[in-house]
Amino acid sequence: MKTLKKALKILGISILLLIIVGASLVMYNWRDRHPDYSIDLKIENKTPQPIKAGFSKRPITPTIVDTWNDANGNNKYSKAEGDTYNDNNNNGKFDAYWIAGMSNAKPAQGVHDDVWSRVMVIDDGNTRIAMISMDAIGFLHGDVIDIRKRIPAELGIDYTLLSSTHTHESNDLVGIWGENIFNSGVNPEMMEYVKSQTVAAITEAANNLRPAKLVFAEDLSGEDGKLIKDTRKPIVKATGIHLMQVLDAENDTTMGTLINWANHPETLWSQNLLISSDFPHYIREAMESGVYNGEELAEEGLGGVAIYFSGAIGGLMAPHPSLGIQDPFTGEEYFKPTFEKTKALGDQIALMSLAALKQKGDTLTNSNISLRAKTVLAPLDNTTFKIASGIGLINIGMPKYFKTRTEVGAIRIGPALFLSIPGEIYPEIVYGGIEAPEGREFDIQPMEIPPLQELISDRYKFYLGLSNDEIGYIIPKSEWDTGKPYLYNDKSDTYGEENSLGPETGPIIYKALTEVIKDLD
């Protein structure tokens, strides 16, 4: 009996210790990695002055060493199903880079095109900001803060905005697309490389500052809508291409071009196993070097560094496989997810962009920069995100109990406002069209009204999604739905809620965005 009591006591103590260790690990993973970090920044300059700008780009492409053998041809790695890897560096382990987006267990087999951190630094003599677009499915706020803290103080940068293109074809920098749901897809050495390359690009762009002129243009014809499928009701497409070309003030050569458009870079869909930036690659190549019909140059490029920013892509704006994309030269229509389809889409957006810039809507030799940015705390209601954070899959720090830190901002450059949005916002919040359909979870009317575009008086409007964070989908609360009855009394559920912080995210981010807009007026 004494032996049994002793064994039970040891078992009880062991279980208690495991609980304590497990709870400690969860609390450690939930910790705030940047205690007391907060910004509340307002810089106003209403006097146009000579502008300087500098550009740079640095690759953040992983080097694929180990490849693998797909036994059943399902494009997903599983040892249980007979898949094996080729240990090309002879270190006894599978050095995989996991492609982010669509599903787990997708190790890259190679590289189709480089992925990049591309930077513009702009200075009006009073304020200097860095604007970065990174080819990643997302980059979390804590990692953005890491980069900000590494930027050399002598560069004099007042504010840094880092946006992800949201490509579904590059390696995981968030964590949830690893080999399985229990292992992070982030390679720590790769993350360090991405951060160091981004800081190097910022430094180089700042050192490249030269007197500049700004050219603003846009295509609001709606023709780009044929390249977008809205996969969730209500049907509100985020159409419009927004452009800012930066010219060298001394010789009128192009230093760089910003392109802002709203569509998920997932043309290649779920079967691709090559690292790629998806259609942003073809847009940037065409803007820089020209649009080619086979080997023939069909439209000259501008030179310089092209930087692509994703817009309001929630809802979900996508080049879905059911959507045919036409080659702009041959008229051939592509449905299957291929690089040919991806190039056809990129070429069309580049052609529209180049045509819009030829009209030169506004050219400024003097301009001014104003800025408003602030930290926002948003409730973390998503149980999956809580668990993923607790077991260390994703680094969502929580400065307060189940609240995560994120950020919104507004940057005014001359006649344009650049709105910094920390996730994938539903277009109806930006453009209007929010509904309160039957089957909604909350018996409320639309809250995120009026639409953001009606609050912006600036002639040119840039909506920079996934900026300084990736909090997932930003959904109107009156359209939130997680169970039966489904929205619009449909037979199936909606997509979006499972990748959102929660139902309060839409109202909170909308309110914060309206405040930074109004604070600049």
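These remarks concern the structure in this document. Since this is a predicted model, take the numbers as computed values, not measurements.

Comments concerning the overall build of the chain
When helices and strands are counted, the chain shows 9 helices and 27 strands. Computed over the C-alpha atoms, the radius of gyration of the chain is 24 Å, within 12% of the 24 Å expected from 2.2 N^0.38 for a compact globule of 521 residues. Expressed as lengths along the three principal axes of its C-alpha atoms, the size of the chain is roughly 95 × 55 × 50 Å. Within the span of the chain, comprising 521 residues, buried residues form 57% of the whole. Taking all contacts inside the chain whose residues are at least 6 apart in sequence as the whole, residues at least 24 apart take part in 78%.

Let's talk about the packing of helix 4 (residues 279-289) against helix 5 (residues 339-359)
At a minimum axis distance of 8 Å, the contact between helix 4 and helix 5 shows a crossing angle of 40°. The pairing of helix 4 with helix 5 is recorded here as oblique in orientation. The handedness of the crossing between helix 4 and helix 5 is right-handed. Touching Phe 279, Tyr 282, Ile 283, Ala 286 and Met 287 of helix 4 are Phe 339, Thr 342, Lys 343, Leu 345, Gly 346, Asp 347, Ile 349, Ala 350, Ser 353, Leu 354 and Leu 357, all from helix 5. Partitioning the contact of helix 4 with helix 5 into residue classes produces 11 nonpolar, 3 polar and 2 charged.

Section: helix 4
For an α-helix the count is 3.6 residues per turn, leaving residues at separations of three or four pointing the same way. Here helix 4 lies mainly inside the structure; 9 of its 11 residues are buried. Taken together, the buried positions of helix 4 are occupied by Phe 279, Pro 280, His 281, Tyr 282, Ile 283, Arg 284, Ala 286, Met 287 and Glu 288. Looking at the buried side of helix 4, the elements it contacts are strand 2 (49-59), strand 6 (116-123), strand 12 (254-261), strand 14 (291-293), strand 16 (305-310) and helix 5. One or two residues past the end of helix 4 sits Gly 290, with phi positive at roughly 110°.

A short note on the side chain of Thr 375
By the element assignment, Thr 375 lies in strand 22 (residues 369-379). Of note is the side chain of Thr 375, whose polar atom sits 2.9 Å from the backbone nitrogen of Ile 39. Residues within four places of Thr 375 in sequence aside, it is in contact with Ser 38, Ile 39, Arg 405, Thr 406 and Glu 407.

Quick word on empty space enclosed by the protein
All chains considered together, the criterion is met by 1 cavity of 30 Å³ or more. Within this model, the largest cavity holds a volume of roughly 40 Å³. Lining the largest cavity are Ala 238, Gly 240, His 242, Asn 260, Trp 261, Ala 262, Gly 311, Ala 312, Tyr 431 and Tyr 463. Looking at side-chain class alone, the lining of the largest cavity contains 6 nonpolar, 4 polar and no charged residues.

Some words on the pairing of strand 22
Of all 11 residues that make up strand 22, 10 are buried, and the element is covered over most of its length. Where strand 1 (residues 40-43) and strand 22 come together, 4 bridges link them in antiparallel fashion. The residue bridging Asp 40 from the neighbouring strand is Lys 374, located in strand 22. Two strands pair when backbone bridges link them, and strand 22 and strand 23 (residues 403-413) are joined in this way by 11 bridges, in the antiparallel orientation.

Structural notes on the nonpolar core
Core analysis: the largest hydrophobic core is formed by 72 residues, its most contacted members being Ile 259, Trp 261, Met 287, Leu 419, Ile 425, Leu 452 and Leu 513. Considering each element in turn, this core owes the most residues, 8 residues, to helix 5. Every residue in contact with Leu 452, bar those within four places of it in the chain, is listed here: Leu 419, Ile 425, Ile 429, Val 430, Tyr 510, Leu 513, Thr 514 and Ile 517. Listed in part, the 34 residues of the second largest apolar core include Ile 129, Ala 212, Tyr 460 and Phe 462.

Looking at the packing of helix 2 (residues 141-150) against helix 3 (residues 188-207)
One can describe the packing of helix 2 onto helix 3 by two numbers: an axis separation of 10 Å at closest approach and a directional angle of 45°. One finds that helix 2 runs oblique with respect to helix 3. Here the hand of the crossing between helix 2 and helix 3 comes out right-handed. Taking contact as the criterion, the partners of Asp 143, Asp 146, Ile 147 and Arg 150 in helix 2 are, on helix 3, Met 191, Glu 192, Lys 195, Ser 196, Thr 198, Val 199 and Ile 202. Its residues assigned to classes, the contact of helix 2 with helix 3 comprises 4 nonpolar, 2 polar and 5 charged.

Some points on the pattern of salt bridges
Under the definition given, this model contains 29 salt bridges. Linking Arg 405 and Asp 32 is a salt bridge whose minimum nitrogen-to-oxygen distance equals 2.8 Å. Within this pair, whereas Arg 405 is found in strand 23, its partner Asp 32 is found in the loop between helix 1 (2-29) and strand 1, the two being separated by 373 residues in sequence. The pair Arg 405 / Asp 32 is uniform in exposure class, with both members buried. Arg 210 serves as the salt-bridge partner of Glu 250, at 2.9 Å between the closest nitrogen and oxygen. You can see Glu 250 sitting in the loop between strand 11 (241-248) and strand 12 and its partner Arg 210 sitting in strand 9 (residues 210-219), a full 40 residues away along the chain. Judged by its relative accessible area of 60%, Glu 250 falls in the exposed class. For Arg 210, a relative accessible area of 31% translates into the label partly exposed. Beyond isolated ion pairs, a larger network of salt bridges with shared partners links Asp 40, Arg 372 and Asp 519.

So, the sheet that holds strand 1
One open sheet holds the 5 strands; their spatial order is 1-22-23-24-26, and the pairing between them is mixed. Edge positions in the sheet fall to strand 1 and strand 26 (460-464), since each of these pairs with one other strand and no more. Looking at each pair of strands side by side, their axes are set apart by 15° on average, direction ignored.

A closer look at the layout of surface pockets
Empty space within the second largest pocket amounts to approximately 310 Å³. What lines the second largest pocket is a set of 14 residues, and nearest its centre among them are Phe 94, Asp 95, Ala 96, Trp 98 and Asn 187.

Describing the environment of Pro 450
Position of Pro 450 relative to the elements: it lies in the loop between helix 7 (427-431) and helix 8 (452-455). Separated by 64 residues in the primary sequence, Pro 450 and Thr 514 have C-alpha atoms spaced 9.6 Å apart. Setting aside residues no more than four positions away along its own chain, Pro 450 makes contact with Leu 455 and Tyr 510.

Rules used throughout
Within each chain, residue numbers correspond to sequence positions counted from 1 in written order. In view of the model being predicted, local features appear only for residues whose pLDDT reaches at least 70, and side-chain atom pairs are presented and counted only at 80 or more, with totals across whole chains, interfaces and linings using the full set of residues. Working from all heavy atoms in the structure, the side-chain values ignore hydrogens and water. Note on conventions: DSSP H or I runs of at least 4 residues are helices, E runs of at least 2 residues are strands, and numbering of each starts at the N terminus. Note that the radius of gyration is over C-alpha atoms, with the globule rule given as 2.2 Å times the number of residues to the power 0.38. Each residue is placed in one exposure class: buried if its accessible area under a 1.4 Å probe, protein chains only, is under 20% of its type's maximum, exposed if it is over 50%, and partly exposed if it falls in between. By definition, residues are in contact when any of their heavy atoms lie within 4.5 Å. Note on method: axes are straight lines fitted to C-alpha atoms, helices fitted across the in-contact stretch only, with angles between N-to-C directions ranging 0 to 180 degrees. Comment on the angle field: the value is read as roughly parallel under 35 degrees, roughly antiparallel over 145, roughly perpendicular from 65 to 115, and oblique elsewhere. The handedness criterion is simple: a crossing whose near helix is rotated anticlockwise from the far helix by less than a right angle is left-handed, and one whose near helix is rotated clockwise is right-handed. Gly falls in the polar group here, along with every residue not listed as nonpolar (Ala, Val, Leu, Ile, Met, Phe, Trp, Tyr, Cys, Pro) or charged (Asp, Glu, Lys, Arg). Counted as a polar contact is a pair of N or O atoms within 3.5 Å, where, for protein atoms, one must be capable of donating a hydrogen and the other of accepting one, and residues adjacent in sequence contribute only when both atoms are in side chains. In the cavity and pocket records, a cavity denotes points on a 1 Å grid over the protein atoms alone where a 1.4 Å probe fits but cannot get out, a pocket denotes an open set with protein on both sides within 12 Å along at least 5 of 7 lines, and lining residues are residues with an atom within 4 Å of a point. Grid points are joined across faces, edges and corners, and a volume is the space filled by probe spheres set on the points. Two strands form a pair only when DSSP identifies at least two bridges running between them. Residues enter a nonpolar core if they are buried and are Ala, Val, Leu, Ile, Met, Phe, Trp, Tyr or Cys, with the set joined through side-chain atoms within 4.5 Å. Any carboxyl oxygen of Asp or Glu that lies within 4 Å of a side-chain nitrogen of Lys or Arg is treated as forming a salt bridge with it.

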